[in-house]
Structure formats: C-alpha cells, structure tokens
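Understanding the architecture of this molecule
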Amino acid sequence: PQLALAGCSLNSCSRAPMLAGSPRPFPSQRYLPHSLPSPPPPSVPPPVSASRRDFLQTASALAAAGFLPRSLPALPSISSVVSPEFRARPCVVASANGLRGVKVAYDRITAGEDPLDAIIAGVNIQELDPEDQSVGLGGLPNAEGVVTLDASCMHGPTRRAGAVACIEDIATPSLVAKAVMDYTDHVLLVGPQARRFAIEMGFTPQNLLTEKSRQDWLRWRARLNPNDMYLDYDGNVKIKFHTGTINMNAVTSSGDIASVTTTSGMAWKVPGRVGDSPIIGAGQYCDNTVGAAGSTGRGEANIKACGAFLAVEFMRQGLGPEEALLRVMQRVIAMTEDRLLGPNGRPRFDLQFYALTKDGRFAGATAYEGASFAVCDEQGPRLVKCAYLFKESERPK
Ligand code: ASP
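Before going into details, it helps to say that this report is about the structure given with it. (Residues numbered from 1 in each chain as written. Predicted model: local features only at pLDDT ≥ 70, side-chain atom pairs only at ≥ 80, totals over all residues. Heavy atoms only, no water.)

**Considerations on the overall build of the protein chain**
In plain terms, the rule: Strands here are runs of E lasting at least two residues and helices are runs of H or I lasting at least four, both read from the DSSP assignment and numbered beginning at the N terminus. The buried label goes to any residue with under 20% of its type's maximum accessible area, the exposed label to any with over 50%, and the partly exposed label to all in between, with areas taken from a 1.4 Å probe on protein chains only. Working rule for contacts: check all heavy atoms of both residues, and any pair within 4.5 Å makes them a contact.
Looking only at helices and strands, one finds ten helices and 13 strands in the protein chain. Taking all 397 residues of the protein chain together, the buried fraction comes to 54%. Summarising the internal contacts of the protein chain: among those between residues at least 6 apart in sequence, 66% fall at separations of at least 24.

Now the structure itself:
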C-alpha cells in the first residue's frame, strides 16, 4: 500500500515543478515515514566495563587456544577508565555548515533524546535548505545535471550502521540511511534501488534540482570547453569544482555516541560517482567505547586512508582528538598520488576531519590554516578554529 505523509500524498508531491529563482520556505512536512511500525528494538550491550571484561576473557581464552599471540596486549580504550557513575560532557561537533544543527542536536540530547535521532534532526536542517548547495534539496548535480546524494550513520550504543549512496529524489538521505539500519539486515543500499526502498518506507520523492543549482550546472557545462557546442556566454562567472557536506557527531551525558554524514558529493561528478560520506569508516565512524569522527572535503583522498575509522583508532590508542585528526591528515597525504601534491609535497585539495571522545573532548583538523568547525556544549553553539598542518601560503598554486 502507498504510504502517505502528513498533508502530502506520494502522488501529489512527486516531481515538484522547478523552483523559481527566489528562495522558498522549507518544506513543511517532515520527511519521515509516518505510518511505519517502530523498528525492532536493537539489542543494547551490557555496560562497558562488563563488555570489556568479556573481551579480555575472550582474548585470553583465544590466546590459551593458540589463536592469538599470548603476549597480545589488551586494546587500549577510553572505556577502561569508565565507572558506572561515568558522566560525559554532552557535546555535538559538526562541519561549520552545521552551526544551526549542533544547537538543535544538543538541545535534543540534553532533553534525553537518542544521539543519532538528535544529530539527524541537526543535519536535516541543511538537507532541507534549498539554499545549501552541498547537501539534500538544492545540492549541486552531477555532470548530467542530476542530483545524487550519499549518507551514512552509526549508532554507538547498539553498534549498528546504515548508508545509502547515489540516491536520487529523496531530500533526506540521512534518514534513509537510518531506515536501512533500522529496517533491513544490510548496511548500504545504492542507486535506483535505494530510492525505491526509500519510497517503500514512506519517503516522498521530489525534484532536488533547484533553479539556482540548475543555472550553475548550465554555466559549468557551457564553460567546460571553449570549443564545444555550448557558448561561454558569461565568461566572468567563476564556476569551480564545489565540494560540501555535513558531518555531525554527538555524545550524551551517559557517554552514548552517534555519527552521521550527508552530502550531494562533488559537484559535476561523473554519474555514478560515490564519495566518502556513505562509506562507513571513511565519511564517519563511531565506537561507543571511544568516540566518533567524520569528514568533509575531497572524499577520494579520505577513502584511501579510512580517515574516520583511523581517527577513532588513534583515539583508542590514547591520542587526544586533535592529535588523532592531524595524524589522519598526515596519513591521507602519505596516501595521495603525486598529481594531487605540489612540488613541496603539500596537497592540492581540501579535506577536514571532526572528532569527539566519549568523555566529551573534541577537535577539528585540516591540512591548511583557516578552517572552522561547529560545536555545541554547555557554552552554546559556536565556530571553533580547526587545527592544521600547513600555513595557507604553503598551498601549491
Ligand atoms: N566528502 C564529500 C564527497 O567526497 C564532498 C565534500 O565534503 O565536499 O563526496
């Protein structure tokens, strides 16, 4: 049966007419499946200290059976210091475009809401904002003028993940990623089948290409090649390769963690291209015993370093979030092909990382000086400078 959303049936909302130039109000309905049953309750693991004890017992049992080196040291983890009275500092960190969203998410987690629901509500603001050309509705399209979206999420307390890649016509891929997590036995759905799944789950398809993004795409195409069939009628307009994404991570007062990343990916991309955002361990990663991390920027560079996973692993080994992220940046550069490095070995691209720990410490880091990230804790929402490896003057020309 067709699942109708409040005030808007599937048929009446599908393929909304092209938007006129002026901004229109945010869509009034929530892009949520309304008529679905609650997902089956996920199994919540026992308190951290118990699972750690289990881990150590399992490790020593395996060692005794000869499967592991006897001397294998226990994995360090922030949770090893966690007592039942443990209270984290509730905190939300995001890319700078999440400044509005971190406040929404923080208010929700401090009111007791689940951290993943809270941060998805935070990123929905950008996804549904037609003026934000980096995610969801209004995102810049691929080389053929089609908006395709990627998103992934992780829920620390239940150790679950969900993702969608290259999905069309659904403005809130973060919620579809969560639906994959909540209602299927899978982690990642892609392309037309991801779209079909979303519609089956009650999401409303709509045209995501706003008039502004369509005009930008036409300009980009016209100026691609001076000798092609499209005349470069507005040579003064700068159309470059745009990137943009929103990553958000939260930790609650009881130390429960979640992460989400959502994007329209690289503008003008080759159709079918998928970036780092929907790749668990690259675009975002979360381990409820340690912390969470995520990224925005050149996904191709991040995927090869498994950046979000690596950041969490560095924090597990005891590094603070800032040092962990800077080391991830170094690893990214070490994994970068020569054509993307200047003669000084510095990268020709931008990539940012964000992280928080189970006990509420946080950081953002990037290759070059000047970037900021958004944070909200008991001091309220604000932008904070990212740590960096290089001065802007070192960027290859
Ligand atoms: N990381 C995104 C991607 O590669 C793009 C971006 O953040 O700008 O798809």
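**Considerations on the packing of aromatic side chains**
Our working rule: Aromatic contacts are taken between Phe, Tyr and Trp rings whose centres are within 6.5 Å, Trp giving its six-membered ring; a plane angle under 30 degrees counts as stacked, one over 60 as edge-to-face, and the others as tilted. Counted as over-ring charges are cases with an Arg CZ or a Lys NZ within 6 Å of the ring centre that also lie within 35 degrees of the ring normal.
Under the criterion given, the structure shown has four aromatic pairs. For the ring pair Tyr285 and Phe309, a centre distance of 5.0 Å and an interplane angle of 80° mean the geometry is edge-to-face. Of this pair, Tyr285 sits in strand β7 (residues 284-287) while Phe309 is found in helix α9 (residues 307-316), placing the two residues 24 residues apart along the sequence. Taking the relative accessible area as the measure of exposure, Tyr285 reaches 16% and is therefore buried. With a centroid separation of 6.1 Å and an interplanar angle of 70°, the aromatic rings of Phe362 and Phe373 are classed as edge-to-face. A residue pair is termed long-range when its members are at least 10 positions apart, and Phe362 in strand β10 (residues 362-368) and Phe373 in strand β11 (residues 372-377) qualify at eleven residues. Seen from the ring of Trp217, Arg221 lies directly overhead, with NZ or CZ sitting 4.8 Å from the centre. We note Arg298 situated over the ring of Phe349; from NZ or CZ to the ring centre the distance is 5.9 Å.

**Comments concerning the sheet that holds β7**
Going by this rule: A pair of strands is treated as paired once DSSP finds two or more bridges between them. Orientation is described by axes fitted as lines to C-alpha atoms, over the contacting stretch for helices, and by angles from 0 to 180 degrees between their N-to-C directions.
Reading across the sheet, the five strands line up as β7-β8-β9-β10-β13 and stay open at both edges, with mixed pairing between neighbours. The two strands at the open ends of the sheet, each matched to only one other strand, are β7 and β13 (387-390). Neighbour to neighbour, the strand axes of the sheet diverge by 15° on average, direction disregarded. Sheet topology note: the strand β9 (residues 351-357)/β10 ladder contains five bridges and is antiparallel. Within β10, the position partnered with Ala355 by the bridge is Ala363. Its contacts with the sheet place α9 against β7, β8 (291-297) and β9, and it is angled at close to 145° to β8.

**Focus on the nonpolar core**
Definition in use: For our purposes a nonpolar core is just a set of buried Ala, Val, Leu, Ile, Met, Phe, Trp, Tyr and Cys residues, chained together by side-chain atoms within 4.5 Å.
Formed by 46 residues in total, the largest nonpolar core has its most connected members in Leu325, Val328, Val332, Leu351, Phe353 and Leu356. Among the elements that take part in this core, helix α10 (residues 321-334) stands out by supplying seven residues, more than any other. Residues within four places of Val328 in sequence aside, it is in contact with Gly307, Leu310, Ala311, Phe314 and Phe353.

**With respect to unusual backbone geometry**
Even without a glycine there, the phi angle at Cys166 is positive, about 55°. Structurally, Cys166 can be placed in strand β3 (residues 160-167). Positive phi values are uncommon outside glycine, yet Cys306 reaches one of about 45°. Topologically, Cys306 is positioned in the loop between α8 (299-303) and α9. Overall, Cys306 belongs to the partly exposed group, its relative accessible area being 39%.

**A word on the sheet that holds strand β2 (residues 149-155)**
Strand order in this open sheet of eight strands is β4-β3-β2-β6-β5-β1-β11-β12, and the pairing throughout is mixed. The sheet is open, and its two borders are formed by β4 (188-190) and β12 (380-385), each paired with just one other strand. On average, each strand axis in the sheet is tilted by 10° relative to the strand beside it, whichever way the strands run. Where strand β1 (residues 91-95) meets β11, four bridges bridge the pair, whose relative direction is antiparallel. Residue pairing in the sheet places Ala94 in a bridge with Ala374 of β11. Running over the sheet, helix α3 (residues 99-110) touches β1, β5 (245-251), β11 and β12 and is turned about 160° from β1. Against the sheet, helix α5 (residues 173-183) engages β2, β3, β4 and β6 (257-263), with an angle of about 130° to β3.

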